[in-house]
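Results of the structural survey
Single-letter residue listing:
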Amino acid sequence: MNDYWYNHPVSSKEFKTGLKGADLFQLRSLLGVFRKRQLEGQKVTAKINAIKKEKERRKKVGSL
């Protein structure tokens, strides 16, 4: 089984380092995947919020 960073808990080191190293395109794609999982009843709100925060952080850093 592949153990991707986005399958780890939000508080884990793997998730945090993967989130920082992911491309913006991957973050956008993951938002769609996690929203679909949320509609299916999975609890992924924390991951969605973490990805949104990272996108906003990159937007602010990019505008400097």
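Above this text is the structure in question.
My aim in this report is to walk through the structure given alongside it, one point at a time. Everything numeric in this text was worked out from a predicted model, so none of it was measured. (Residues numbered from 1 in each chain as written. Predicted model: local features only at pLDDT ≥ 70, side-chain atom pairs only at ≥ 80, totals over all residues. Heavy atoms only, no water.)

**Comments concerning the side chain of His8**
Secondary-structure assignment places His8 in the segment before α1 (13-21). The buried category is assigned to His8, whose relative accessible area is 15%. In contact with His8, other than residues within four places in its own chain, are Asp3, Glu14, Phe15 and Lys47. (Helix = DSSP H or I, 4+ residues; strand = E, 2+ residues; numbered from the N terminus. Buried < 20%, exposed > 50% of the residue type's maximum accessible area, 1.4 Å probe, protein only. Contact = heavy atoms within 4.5 Å.)

**Quick word on the packing of aromatic side chains**
Within this structure, the stated rule accounts for 3 aromatic pairs. Three or more aromatic residues joined by ring pairs make a cluster, and in this case those are Tyr4, Trp5, Tyr6 and Phe15. (Phe/Tyr/Trp six-rings, centres within 6.5 Å; stacked < 30°, edge-to-face > 60°.)

**Quick notes on the pattern of salt bridges**
The full count for this structure, using the stated rule, is 5 salt bridges. The partner of Arg57 in a salt bridge is Glu54, and the shortest N-O contact between them spans 2.8 Å. Note that Arg57 and Glu54 are positioned in helix α3 (residues 45-62) at a spacing of 3 residues, about one turn of the helix. Looking at Arg57, the relative accessible area reads 36%, which means it is partly exposed. A salt bridge links Arg58 to Glu54, with the nearest nitrogen and oxygen atoms 2.9 Å apart. (Salt bridge = Lys/Arg side-chain N within 4 Å of Asp/Glu carboxyl O.)

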